[in-house]
Amino acid sequence: MRPATSPIARDIVLIGGGHSHVGVLRMFAMKPLPGVRLTVICTDTDTPYSGMLPGYIAGHYDFDEVHIDLRRLAEAAGARYYRDEVTGIDRAARKVLCRTRPPVAYDALSINIGSTPQLSRVEGAADHAVPVKPIRRFNERWLALLARVRAHAGPTTIAVIGAGAGGVELTLAMQYRLRGEMAALGRNPDELRFHLFSADPSILPTHNAAVRRAFEGVLAERGVAIHRDAEVTAVYAGGLQARNGEALAADEIVWVTQAGGASWLRETGLALDGDGFIRVRDTLQSETDPLVFAAGDCASMPGLPLEKAGVFAVRMGKPLAENLRRMVLRRPLLAYRPQRRWLALISTGDRHAVASRGGLFARGDWVWRWKDGIDRRFMRRFNELEPMAERAATAAEAVPLDEGERTQAISAVAMRCGGCGAKVGATVLSRALAGIHPIERDDVLIGLHAPDDAAVLRVPPGSALVHTVDFFRAFIDDPWLLGRIAANHALGDIFAMGGVPQSATAIATVPPGLESKVEDTVFQMMAGAVAVLNEAGCALVGGHTGEGSELALGFAINGLIDEKLDGVLRKGGMRPGDALILTKPIGTGTLLAAHARLKARGRWIDAALASMQQSNRLAVPCLVAHGATACTDLTGFGLLGHLVEMTRPSGVDAEIDLVALPLLDGAAETAASGILSSLQPANVRLRRALRGPPEALQHPNYPLLFDPQTAGGLLASVPAENADACIAALRNLGYARAACIGRVLPAGDALEPIHLRI
Ligand SMILES: Cc1cc2nc3c(=O)[nH]c(=O)nc-3n(C[C@H](O)[C@H](O)[C@H](O)COP(=O)(O)OP(=O)(O)OC[C@H]3O[C@@H](n4cnc5c(N)ncnc54)[C@H](O)[C@@H]3O)c2cc1C
């Protein structure tokens, strides 16, 4: 993440990573607007490009070829990416409500969330049909269908409901792929039977007669039965019923019609059309609220019934970006005029396609190659990214501010005081903290509930205090997540000692800016942290928040432990013969470095962030129950550094099996391409502690021995006879990648205590 060069004055929040919003992100990447921050909230990091989905289903493209990596695109655009599901909007407070995180504030909002099948309108459809929409999680549904068809013995009947371009294309793509799968399994592809249902008298009702004839011919050639005037009115296990009296026994029923708006839109108070889509003006602003824009399938332009197709969503990206920019610049918005005619290139599953535009028609393999070229060019724009260059604000681009905001903005960029003059103002702080609710504990005598100069805590008789501190700069532009991970990281030391967390004080720096933005950053950060501290039974009792050039957060944490040190897990208790167990995979350092250079896949970062949020709390009693002799948590010094911290006081050597190291997804790839954390060279100095065959030093996992970990797992020594049971128990507790990575050896004569094995 980059430090901001100008204070943030306006927040544009994008809900959904649909085809219009990826365009908005790209426009802002090319032409950033200083003082304006974009945040995109989306359920899926890999957002599908609809134009290539039929080719993916047919098997012509792989997953990454047809998906845009939203996290990486957002990073390139200098935008925040929050992976979450939006569940509503509080328009009065100008906040977006999310499933897992606190509300996200906006100054302008845009919604591009696609459409949702209205399965409830057809009896049984919700239970027995596979909806093609929403596009999110479509891949999961498709892969599940694929697996079922592969496993189904004997003839398989597949009914596709909806004979628009989507339904026809999907039928042909599925048929092409599934016939290939059957042949590969040594089965007869003719066991597959396809039926296409159209509520209209014809298929492809919005296309010209030549296009319709061409597809009728292709479908007939491929043995697809077309059911015309056959609106499906009921679906049941193993079949369906149409209004015209037709019934069909079917193993799979795929639903490609009757999509509507997401149900949560109904609670927003925004004007919707009959299908639940947001009614927008020609500026793409909601008819009800000028601060809210909508684009793509979820927008409805009264008097201009656009087909729900990716092509329109893509086209809306540019005018939407321009109008969002104009909105924050307080300039007049422009009208978007959709094309009356558009080119549709509809594939027939077998690398052949039909072109349709108004009354024009063409077909051939060359049309497919043409389409393939257009689609690949489109995807390159989103997947071949360069880090965004910082740009200076020009007078023409400056975001207009209100009087009070202007004073705050001038003050934010002016020379700032040091010492206590660099504290975040008391009003901002108390407003931000008003919404934070740390747990209360009986042993906290004076804490945040009655703030004083310092907190006062009671140490129960027979207990001793374990005390630790950790602090780091933000590595991701997401204060809520930063708060969660910083708290989890700091708690790690207490857990590693076998202590029970009692209380925490926070220390944070926040870049100066408009008061409302600083307040929100502090709130988000502390809301994330307090949720994690509360879960650990740890009361936040105080803290200090100052201004700094970068967002940074840390905690001093107290824990309680038996004063006789019973149950304390020291670093120095390792015994020769013990197994070395690691509870979480490693690789956060290389992955975060690669993310900053746009070289990591977004889903690798999602998984790494999830791992950084996994607490070590449950692992400790499990390790103790299996007789752990020593334990530490992995942080900045990396696996080797922390292992040496254990072998030295234990007076032992240790052997690491490089092949057994559990790695976070993508860490091997990013390390192999030479992308390593800036702390790596300092950690590498410890290589003098290593010995092993030359091949070990060339092994791809070797650099990861030095990779610094953020909120890493526990490294413990456990009696060898308990190792398997311990790993099984850890996995049951959710440490899915817990592994035995080596063993403890008696101290040798050599100067290198750590032996490598491959
Ligand atoms: C299999 C298939 C093939 C298709 N083929 C074509 C084609 O060849 N050509 C064509 O033009 N159209 C095609 N379509 C239709 C096309 O997919 C849609 O019209 C298009 O995707 C709509 O784009 P959109 O930008 O409005 O939203 P979408 O592409 O649907 O994107 C919506 C985004 O919002 C996110 N989202 C949804 N709800 C929430 C929420 N509550 N919180 C946060 N994020 C949310 C989703 O994860 C997704 O990233 C196809 C559809 C399917 C399913």
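Computed from a predicted model, the values in this text were never measured in an experiment.

Student: Sorry if this is basic, but what is going on with the overall build of the protein chain here?
Tutor: A tally of helices and strands in the protein chain yields 21 helices and 38 strands. The globule rule puts the C-alpha radius of gyration for 758 residues at 27 Å, and the 29 Å found for the protein chain is close to it. In terms of principal-axis extent, the alpha carbons of the protein chain reach across some 85 × 70 × 45 Å. Counting over 758 residues, the protein chain shows a buried share of 55%. Considering only contacts in the protein chain between residues 6 or more positions apart, those separated by 24 or more positions represent 77%. Surface accessibility of the protein chain: about 31,300 Å² in total, with carbon and sulfur atoms responsible for 52%. Computing the positive centroid from 81 side-chain charges and the negative centroid from 80, the protein chain places the two 6 Å apart.

Student: Where do I start with the site of the ligand in this structure?
Tutor: Among the 35 residues in the neighbourhood of the ligand, the closest are listed as His19, Asp44, Val132, Asp297 and Gly310. Note that an oxygen atom of the ligand is positioned 2.9 Å from one of the side-chain N or O atoms of Thr43. Between the ligand and the protein, one listed contact pairs a nitrogen atom with a side-chain N or O atom of Trp264 at 3.4 Å. For the shell around the ligand, the secondary-structure elements that each account for two or more residues are helix H1 (19-30), strand E2 (36-42), helix H2 (53-58), helix H6 (165-184) and helix H8 (310-329). Sort the elements by how many residues they give to the shell around the ligand and H8 lands first, with 3 residues.

Student: How do you make sense of the sheet that holds strand E28 (residues 463-473) when you look at a structure like this?
Tutor: Pairing between the strands of a sheet comes from backbone hydrogen bonds, and it takes one of two forms, parallel or antiparallel. One open sheet accounts for 4 strands, arranged E28-E31-E29-E30; its pairing is mixed. Of all the strands in the sheet, the pair left with one neighbour each is E28 and strand E30 (539-547). Each adjacent strand pair in this sheet contributes to an overall mean axis angle of 15 degrees, direction not counted. The pairing of strand E29 (residues 500-510) with strand E31 (residues 552-562) spans 9 bridges and is classified as antiparallel. Paired with Ala508 across the bridge in E31 is Leu553.

Student: How should the packing of aromatic side chains be read in this particular structure?
Tutor: When we look at a pair of aromatic rings, we describe it by the centre distance and by the angle of the planes. Across all of its chains, the model carries 8 aromatic pairs by this definition. Ring centres 6.2 Å apart and planes at 15 degrees place the aromatic pair Tyr61 and Trp368 in the stacked group. Linking Tyr61 in the loop between H2 and strand E4 (67-69) with Trp368 in helix H9 (residues 365-383), this pair joins segments that are 307 residues apart in sequence. Residues Tyr61 and Trp368 agree in their burial class; the two are buried. Three or more aromatic residues joined by ring pairs form one cluster here, namely Tyr49, Phe378 and Phe382. For Arg101, the ring lying beneath its charged end belongs to Tyr82, and the centroid distance is 3.8 Å. Lying over the aromatic face of Phe28, Arg325 brings its terminal NZ or CZ to 4.8 Å of the ring centre.

Student: Could you clarify how one ought to interpret the nonpolar core in this entry?
Tutor: Taken as a class, soluble globular proteins show a tendency for nonpolar side chains to be buried jointly. In this structure, Val96, Ile111 and Met174 are the most contacted members of the largest nonpolar core, which totals 113 residues. Beyond its immediate chain neighbours, meaning those up to four positions away, Met174 contacts Ile57, Trp142, Ile158, Val160, Phe194 and Val254. Core analysis: the next-biggest nonpolar cluster, separate from the first, contains 107 residues, Ile476, Ala527, Ile561 and Ile586 among them.

Student: What's the story with a nonpolar patch on the surface in this structure? I'm lost.
Tutor: On the surface, a cluster of nonpolar side chains totalling about 360 Å² of accessible area is made up of Leu343, Trp366, Trp370 and Ile374. The topology assignment puts Trp366 in helix H9.

Student: I keep staring at the state of the cysteines and nothing clicks. Help me out?
Tutor: Working definition: the covalent bond between the sulfur atoms of two cysteines is a disulfide. Enumeration over the complete set of coordinates arrives at 0 disulfides. Cys298 forms no disulfide, and the closest cysteine sulfur to it belongs to Cys42, at a distance of 12 Å. Take Cys740: it sits in no disulfide, and the sulfur closest to it among the cysteines is that of Cys726, at 9.7 Å. Residue Cys740 is classed as partly exposed on the basis of its relative accessible area, which comes to 34%.

Student: Can you walk me through a positive patch on the surface in this structure?
Tutor: Judged by side-chain charge, Arg315, Arg340, Arg341 and Arg357 come together as a positively charged surface patch. Position of Arg357 among the secondary structure elements: in strand E24 (residues 353-357). Judged by its relative accessible area of 35%, Arg357 is partly exposed.

Student: Help me understand the pattern of salt bridges in this model?
Tutor: Side chains bearing opposite charge may pair, as long as their charged atoms lie close to each other. Counted according to the given criterion, the structure contains 38 salt bridges. Its salt-bridge partner being Arg71, residue Asp606 comes within 2.8 Å of it at the nearest N-O pair. Placement of Asp606 in helix H15 (residues 602-613) and of Arg71 in helix H3 (residues 70-76) is noted, with a sequence separation of 535 residues between them. Taken individually, Asp606 and Arg71 each receive the classification buried, so the pair is uniform in this respect. Across the salt bridge formed by Arg279 and Glu287, the nearest N and O atoms sit 2.9 Å from each other. Look at the salt bridges and you will find they share partners, linking Asp11, Arg37, Asp107 and Lys517 into a network.

Student: What's the story with helix H21 (residues 723-732) in this structure? I'm lost.
Tutor: Three or four residues apart is the spacing at which side chains of an α-helix point the same way, because the helix has 3.6 residues per turn. Among the residues of H21, those classed as buried are Ala723, Cys726, Ile727 and Leu730. Looking straight down H21, one finds that the buried residues subtend no more than 95 degrees of arc, so they occupy a single side. In H21, those exposed residues whose orientation departs by more than 90 degrees from the buried face are Asp724 and Asn732. Buried positions along H21 lie against strand E32 (579-582), helix H16 (619-625), strand E36 (714-718) and strand E37 (739-746).

Student: Looking at this structure, I do not really get the packing of helix H14 (residues 588-596) against H15. What am I missing?
Tutor: The N-to-C vectors of H14 and H15 enclose an angle of 135 degrees; their axes lie 10 Å apart at closest approach. On the basis of their axis angle, the class for H14 and H15 is oblique. When the axes of H14 and H15 are compared, the crossing they make is left-handed. Across from Thr588, Leu591, Leu592 and His595 in H14, the residues of H15 making contact are Trp604, Ile605, Ala608 and Met612.

Student: Just checking my understanding: could you explain empty space enclosed by the protein for this structure?
Tutor: Gaps left between atoms show up when a probe the size of a water molecule is rolled over them. As enumerated under the stated definition, the model contains 5 cavities of 30 Å³ or more in all. For the largest cavity, the calculated volume is near 70 Å³. Residue lining of the largest cavity: Ile57, Val130, Pro131, Val132, Phe138, Arg141, Trp142, Leu145, Leu170, Met174 and Val254, and that is the complete set. The greatest single-element share of the lining of the largest cavity, amounting to 4 residues, is contributed by helix H5 (residues 138-151). Residues belonging to the lining of the largest cavity are distributed by class as follows: 10 nonpolar, no polar and 1 charged. Put simply, the second largest cavity is a space of about 50 Å³. Residue lining of the second largest cavity: Asp11, Val13, Arg37, Thr39, Arg80, Tyr82, Val104, Ala105, Asp520 and Gln524, and that is the complete set. Broken down by secondary-structure element, the contributors of at least two residues to the lining of the second largest cavity are strand E1 (10-15), E2, strand E5 (80-83), strand E8 (104-105) and helix H13 (515-535). Residues of the lining of the second largest cavity, tallied by class, amount to 4 nonpolar, 2 polar and 4 charged.

So, how was this worked out
Counting starts from 1 at the beginning of each chain's written sequence and moves along it residue by residue. Restriction of local features to residues with pLDDT of at least 70 applies here, the model being predicted, together with a cutoff of 80 or more for giving and counting side-chain atom pairs; totals for whole chains, interfaces and linings are based on all residues. No hydrogens and no water enter the side-chain calculation; it runs on all heavy atoms of the structure. A run of DSSP states H or I qualifies as a helix once it reaches four residues; a run of E qualifies as a strand once it reaches two. Both are numbered from the N-terminal end. Within these notes, the globule rule equals 2.2 Å times the number of residues to the 0.38 power, and the radius of gyration is based on C-alpha atoms. Working definition: with a 1.4 Å probe on protein chains only, accessible area under 20% of the residue-type maximum means buried, over 50% means exposed, and in between means partly exposed. The contact rule is simple, with two residues in contact once any of their heavy atoms fall within 4.5 Å. Note that accessible areas follow from Shrake-Rupley with a 1.4 Å probe, and for residues the cover is restricted to the protein chains shown. Positive charges come from Lys and Arg alone, negative charges from Asp and Glu alone, with His and the N- and C-terminal ends not counted. To locate a charge, the coordinates of NZ of Lys, CZ of Arg, CG of Asp or CD of Glu are taken. Near residues are defined by distance, with any heavy atom within 4 Å of the molecule or strand qualifying the residue. In protein, a polar contact requires one atom able to donate a hydrogen and another able to accept it; more generally it is a pair of N or O atoms within 3.5 Å, and residues adjacent in sequence count only if both atoms are side-chain atoms. In this scheme, strands are said to pair when DSSP sees at least two bridges between them. The axes used here are C-alpha line fits, helices contributing only the stretch in contact, and every angle between their N-to-C directions lies in the interval 0 to 180 degrees. When the centres of two rings from Phe, Tyr and Trp lie within 6.5 Å, Trp using its six-membered ring, the rings pair. Their planes under 30 degrees apart give stacked, over 60 give edge-to-face, and anything left gives tilted. Geometrically, a charge over a ring is one whose NZ (Lys) or CZ (Arg) sits within 6 Å of the ring centre while staying within 35 degrees of the ring normal. What we call a nonpolar core is a set of buried Ala, Val, Leu, Ile, Met, Phe, Trp, Tyr and Cys residues that are connected through their side-chain atoms within 4.5 Å. Excluding any residue in a salt bridge, patches collect residues exceeding 30% relative accessible area, merging like charges within 9 Å and nonpolar Val, Leu, Ile, Met, Phe, Trp and Tyr side chains within 5 Å. Salt-bridge detection follows one rule: a side-chain nitrogen of Lys or Arg within 4 Å of a carboxyl oxygen of Asp or Glu. To count as a disulfide, a pair of cysteine sulfur atoms needs to be within 2.5 Å. This arc corresponds to the set of directions leading from the helix axis out to the C-beta atoms. Every angle not falling under 35 degrees, over 145, or within 65 to 115 is termed oblique; those three ranges are roughly parallel, roughly antiparallel and roughly perpendicular. Should the near helix be turned anticlockwise from the far one by less than a right angle, the crossing is termed left-handed; should it be turned clockwise, right-handed. Method remark: on a 1 Å grid restricted to protein atoms, a set of points is classed as a cavity if a 1.4 Å probe fits but cannot get out and as a pocket if it is open with protein on both sides within 12 Å along at least five of seven lines; lining residues have an atom within 4 Å of a point. Grid points are joined across faces, edges and corners, and a volume is the space filled by probe spheres set on the points. Charged means Asp, Glu, Lys or Arg here, nonpolar means Ala, Val, Leu, Ile, Met, Phe, Trp, Tyr, Cys or Pro, and polar covers whatever is left, Gly included.

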